[in-house]
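# Working through the structure, step by step
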Amino acid sequence: MEEEIRNIFGQLKNLLLAEQEMRSEPPFIPSEVRSYLEGSVSAAHVHNHELAHPDSLEALRAFIGECTRCSLHKGRKHLVFGEGSPQARLVFVGEGPGREEDTAGRPFVGEAGRLLTRIIKAMGLTREEVYICNVVKCRPPGNRDPETDEIETCIPFLKQQLTIIRPEVVCTLGRVAGQGLLGANFRITLERGNWHSHENIPLMPTYHPAYLLRNPAAKRHVWEDVQKIMTFLGLEVKKND
Ligand code: SF4
């Protein structure tokens with residue numbers, strides 16, 4: 001009799017354990033790893049971006065290394081990571097390095113960069129107080145627009161930079177930067193000057209300084225957009241600028 005009762009309790013326990021197992025949540029698998037297991041993204045993608053979250057700009061730069069993750073590495077002299085304050089309240093995001101940036105290994109140092117420096121100064125700031133970087137970190141040959149696959153491969157690094165810095169405002173410069181952070185439907189002529197957001201960080205899109213060099217009349221629009229950022233950041237907006 002005692003043996004029978006022990007058997008019944010044993011069976012009951014097994015049934016309860018089986019039911020508990022069936023009801024328990026499946027193990028957590030990050031979406032990118034799941035996609036990889038299902039075959040829709042490559043192991044390199046998972047390895048390169050999703051499983052690593054460097055928590056400082058230095059660690060992120062070290063993680064990127066001498067990157068060969070997309071074809072843009074073939075023609076570069078220098079990988080242009082970005083520069084400025086890790087505590088910047090404002091981050092400018094451009095498209096990608098040009099010839100002079102590629103040579104110097106620094107962002108926005110050519111003619112368009114000098115114009116950006118003047119814009120930053122007119123805001124009452126210095127380049128050292130803001131942070132400046134790009135959607136892709138290596139120069140597209142002949143200054144062509146970066147291809148979609150190049151942007152998709154590189155942009156996790158930009159997003160990680162923004163996660164680390166956590167600025168109060170992001171200012172995207174031009175169509176490519178706007179589309180990179182706001183999606184392919186972003187239209188620079190229609191949507192510049194309006195507030196958007198990236199990961200809950202207020203984002204103001206405006207024209208790229210290189211566009212202003214070709215279309216000086218658009219400087220007025222950029223100044224309007226920049227004044228909105230200044231007001232948001234509590235910077236003094238001088239009249240008649
Ligand atoms: S553009 Fe970005 S992803 Fe491509 S090689 Fe340069 S750093 Fe790597």
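Residues numbered from 1 in each chain as written. Predicted model: local features only at pLDDT ≥ 70, side-chain atom pairs only at ≥ 80, totals over all residues. Heavy atoms only, no water.

## Some points on unusual backbone geometry
Even without being glycine, R166 reaches a positive phi, approximately 50 degrees. Its place among the elements puts R166 in the loop between α7 (148-165) and β4 (169-173). Judged by relative accessible area, which is 46%, R166 ranks as partly exposed. Its identity is not glycine, yet N200 carries a phi of approximately 65 degrees, on the positive side. On the accessibility criterion, N200 (72% relative accessible area) is exposed. (Helix = DSSP H or I, 4+ residues; strand = E, 2+ residues; numbered from the N terminus. Buried < 20%, exposed > 50% of the residue type's maximum accessible area, 1.4 Å probe, protein only.)

## Overview of the pairing of β4
For a regular strand, side chains alternate in direction, first toward one face of the sheet and then toward the other. Counting buried positions over the five residues of β4 gives five, a clear majority of the element. Every second residue of β4 is oriented toward a common face, with V169, C171 and L173 on one face and V170 and T172 on the other, all of them buried. Examined bridge by bridge, strand β2 (residues 90-94) and β4 share four bridges and lie parallel to one another. Each residue of the ladder has a partner; that of V91, found in β4, is V170. Of the strand pairs in this sheet, β4 and strand β6 (residues 201-206) are connected by four bridges, and their pairing is parallel. Bridged to T172 within β6 is P205. (Pairing = 2+ DSSP bridges.)

## Comments concerning the site of the ligand
In the vicinity of the ligand, the residues found are C67, C70, L72, H73, R76, L79, K137, C138, T153 and C154. The cavity where the ligand resides is the largest cavity. Within the shell around the ligand, the residues separate by chemical class into six nonpolar, two polar and two charged. (Near = heavy atom within 4 Å. 1 Å grid on protein atoms, 1.4 Å probe; cavity = no way out; pocket = protein on both sides within 12 Å on 5 of 7 lines; lining within 4 Å. Sits in = over half its atoms within 2 Å of the grid points. Nonpolar A, V, L, I, M, F, W, Y, C, P; charged D, E, K, R; others polar.)

Remember that the coordinates give geometry; whether it matters functionally is a separate question.
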